[in-house]
Amino acid sequence: MQKTPLHAWHTAHQGKMVPFAGWEMPVQYASGILAEHEQTRTRAALFDICHMGEFLVSGSQAEAALGRIVTHNLAKLRQGMAGYGFLLNSQGGILDDLIIYRLQPDQFLLVVNASRITHDRDWIRGLLPSSVTLEDVSEQTAKIDLQGPLALETLNRILPDTWREMPFFSFRRTRFQGIDILVSRTGYTGELGYEIYLPASSALAFWEACLEDEHVRPAGLGARDTLRLEMGLPLYGQDLDEHHTPAEAGYASLLSSPASYIGKEHQLDVRERLVPLRITGRRSVRHGDAVVSVAGDLVGRITSGSFAPSLGQAVALAYIDVQHAELPAFVVKTGRAELAAQRTTLPFYTQGTARIRL
C-alpha cells in the first residue's frame, strides 16, 4: 500500500486510514465526515490528494499529438488555463477523466486518477510520436486541495498575491518558501477552492502553514465524496467507466475538439443515461443497487449514492436505460428496503461558491 508524504501527519492527528486505489488514505478525522463536509461548505478545508497522477507532455508537436488522444479542445486551451475531458477507447468508452493544464505552448500537465496512473501513462506514451515526451512526475509531485468559501483568505495569507483576479479553471505559478509551485483555481467540492501542486518534500510545510489558519481544518475522502456527489461530479470507476460514453455520462457538451481522436465516432452513442435521483428520506443507496420502474421493471443500477448533508436527504446517480431515463419516478432496491426516488436535475446542491466572481 502506497503512502502520501502526509501519511505520518494523518496518523498522528487521528486520521482514520483506509485503502483507496492502492494508497492508504484518510477517510475522516476525529470530527467526522458530517463536520468536515460542513467545514468545507461554510469555511475552508484541506484535502490530501497526493495520490493523484501527474504527467508532463512536452515537444513541438505536443498539442497535435495529444489532440489525437484526448477529447479536450487543445486549440482553445490558452496558456495559463486548464480543461476537463476524457481518454476514450475505440468504442467511445471512458478510460479516464482528467484535467489538462497548458504550461507552455508546447508543454502540458495531465492530472489523472490514482487508480489509472499506470494504465494512462502506458496508453498515452504508446500513442505519442518520438518527438513528444511523457514524463511521469507523480512520485515527486504533491497535490493539496484548499476548498471552501474562506479559501481565498487563507491562500492570501500564505502566498500574498493577486489571487482574487484568477478566473475559474485558471492557474498561476508562484513560490512557497523559495520553491516553485503551481496554484490552480479548481476543485472537486463545488466551493471556491485551489489545488496546489508542489514538490513532495514541501507538502508537509505547506499543509501545516494552511492549518495555522483558524478557519481551516483537515478533511478526508469521506467528506470529499459527499461534497462531490452533492454537485453531481462523477467518480471514475463508479459513475464513469470504459463501458459508458461521455454522452451517456452527461458530458456531450464538452466534446468540441475538431481533432480526430480515438473513440470520437462513438462518443455520442447512448444506450443508458446517468440520471440524478433524490431519494425519499435519509437512508442512502449504494453502488450496484437495482433501480426499477414504478411498474417493477429493472431499468438501471445505482453508480453513486449517499446522504447529502447540505440537503438533509439522500441523493444518487444511476445509469438508466435510455427508454426509461425520462421517467419522473423510480424505486431503488437496497439490501434491506425499497426506496422511492425522483428524477431531478444537477447539481443537487445549488449554493456552491466555486464559480463565484471575486
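In case you missed it, the structure is sitting above this.
Residues numbered from 1 in each chain as written. Predicted model: local features only at pLDDT ≥ 70, side-chain atom pairs only at ≥ 80, totals over all residues. Heavy atoms only, no water.

Section: the overall build of the chain
- In terms of helices and strands, the chain carries 7 helices and 20 strands.
- Here the C-alpha atoms of the chain give a radius of gyration of 20 Å, agreeing with the 21 Å that 2.2 N^0.38 yields for 358 residues.
- Expressed as lengths along the three principal axes of its C-alpha atoms, the size of the chain is roughly 65 × 50 × 40 Å.
- Classification of the 358 residues of the chain by burial places 56% in the buried group.
- In the chain, the proportion of contacts linking residues at least 24 apart, taken out of those at least 6 apart, comes to 65%.
- In the form shown here, the chain has an accessible surface area of approximately 15300 Å², with 50% of it arising from carbon and sulfur atoms.
- Positive and negative charge centroids in the chain, built from 34 and 39 side chains respectively, lie 4 Å apart. (Helix = DSSP H or I, 4+ residues; strand = E, 2+ residues; numbered from the N terminus. Rg over C-alpha atoms; globule rule 2.2 N^0.38 Å. Buried < 20%, exposed > 50% of the residue type's maximum accessible area, 1.4 Å probe, protein only. Contact = heavy atoms within 4.5 Å. Areas by Shrake-Rupley, 256 points an atom, 1.4 Å probe, with all protein chains shown as cover. Lys, Arg positive; Asp, Glu negative; His and termini not counted. Charge placed at Lys NZ, Arg CZ, Asp CG, Glu CD.)

What about the pairing of strand 17 (residues 298-308)?
- Burial analysis of strand 17 places 8 of its 11 residues in the buried class, which makes it a mostly covered element.
- Sheet topology note: the strand 16 (residues 290-293)/strand 17 ladder contains 3 bridges and is antiparallel. Bridged to Ala-290 within strand 17 is Arg-301.
- A loop of 4 residues connects strand 16 with strand 17, the two strands running antiparallel in sequence, and Gly-296 in this loop sits at a positive phi of about 100°.
- Hairpin connection of strand 17 to strand 18 (residues 313-321): 4 residues between the antiparallel strands, including Gly-312 at a positive phi of 75°. (Pairing = 2+ DSSP bridges.)

Details of the pattern of salt bridges
- The tally for this structure, following the rule as stated, stands at 17 salt bridges.
- Note that Asp-225 is salt-bridged to Arg-228, the shortest N-O span being 2.9 Å. Placement of the pair is Asp-225 and Arg-228 together in helix 7 (residues 221-230), with a separation of 3 residues, close to one helical turn.
- Relative accessible area serves as the criterion here: at 26%, Asp-225 is assigned to the partly exposed category.
- Overlapping salt bridges, with partners in common, bring together Lys-143, Asp-145, Glu-195 and Arg-224 in one network. (Salt bridge = Lys/Arg side-chain N within 4 Å of Asp/Glu carboxyl O.)

Focus on the packing of helix 5 (residues 151-158) against helix 6 (residues 203-211)
- Closest axis-to-axis distance for the helix 5/helix 6 pair is 10 Å, and the angle between their directions is 120°. In terms of axis orientation, helix 5 runs oblique to helix 6. When you trace helix 5 past helix 6, the crossing you get is right-handed. Facing helix 5, whose interface residues are Thr-154, Arg-157 and Ile-158, helix 6 presents Phe-206, Ala-209 and Cys-210. (Axes fitted to C-alpha atoms, helices over the stretch in contact; angles between N-to-C directions. Parallel < 35°, antiparallel > 145°, perpendicular 65-115°, else oblique. Left-handed = near helix turned anticlockwise from the far one by under 90°.)

Notes on the sheet that holds strand 17
- Pairing in this closed barrel of 6 strands is antiparallel, and the strands run 15-18-17-16-19-20 around the ring. When the angles between neighbouring strand axes are averaged without regard to direction, this sheet yields 40°.
- As defined by bridge partners, strand 17 adjoins strand 18 across 8 bridges and the pair is classed as antiparallel. Bridge pairing links Ser-304 to Leu-317 in strand 18.
- Docked against the sheet, helix 7 engages strand 17 and strand 18, running at close to 120° with respect to strand 17.

Describing the nonpolar core
- One finds Ile-144, Leu-146, Leu-159, Val-183, Tyr-194, Ile-196 and Phe-206 to be the most contacted residues of the largest nonpolar core, which totals 30 residues.
- Secondary structure elements with two or more residues in this core: strand 4 (44-48), strand 10 (141-147), helix 5, strand 12 (179-184), strand 13 (193-199) and helix 6.
- Here this core gets 5 residues from one element, more than from any other, and that element is helix 6.
- Listed in part, the 22 residues of the second largest apolar core include Ala-62, Ala-65, Leu-74 and Leu-77. (Core = buried A, V, L, I, M, F, W, Y, C linked by side-chain atoms within 4.5 Å.)

Brief notes about the state of the cysteines
- Per the stated rule, a full pass over the model turns up 0 disulfides.
- Among the cysteines around Cys-50, which has no disulfide bond, Cys-210 carries the closest sulfur, lying 12 Å off. (Disulfide = S-S within 2.5 Å.)

Let's talk about the packing of aromatic side chains
- Within the structure shown, the criterion is met by 9 aromatic pairs.
- Plain terms: the ring middles of Tyr-101 and Tyr-197 are 5.5 Å apart, the flat faces sit at 75° to each other, and that makes the pair edge-to-face. Note that Tyr-101 is positioned in strand 7 (residues 94-104) and Tyr-197 in strand 13, a separation of 96 residues in sequence.
- Three or more aromatic residues joined by ring pairs form one cluster here, namely Trp-9, Tyr-29 and Trp-207. (Phe/Tyr/Trp six-rings, centres within 6.5 Å; stacked < 30°, edge-to-face > 60°.)

Description of helix 4 (residues 117-127)
- Within the sequence span of helix 4, burial applies to Ile-117, Asp-120, Arg-121 and Ile-124. Looking straight down helix 4, one finds that the buried residues subtend no more than 100° of arc, so they occupy a single side.
- Packing partners of the buried residues in helix 4 comprise strand 5 (53-58), helix 3 (62-67), strand 6 (82-88), strand 7, strand 8 (107-112) and strand 9 (133-136). (Arc of directions from axis to C-beta.)

Focus: the sheet that holds strand 5
- Across the sheet, 5 strands lie side by side as 6-7-8-5-9; this open sheet has antiparallel pairing. Each having just a single partner strand, strand 6 and strand 9 make up the two edges of the open sheet. Each adjacent strand pair in this sheet contributes to an overall mean axis angle of 30°, direction not counted.
- Bridge count for strand 6 against strand 7 is 7 bridges, and the pairing is antiparallel. Across the sheet, Gly-85 pairs through a bridge with Leu-98, a residue of strand 7.
- Strands in contact with helix 4 are strand 5, strand 6, strand 7, strand 8 and strand 9; relative to strand 9, the strand with the most contacts, it is inclined by about 165°.

Honestly, it's all geometry; don't read function into it.
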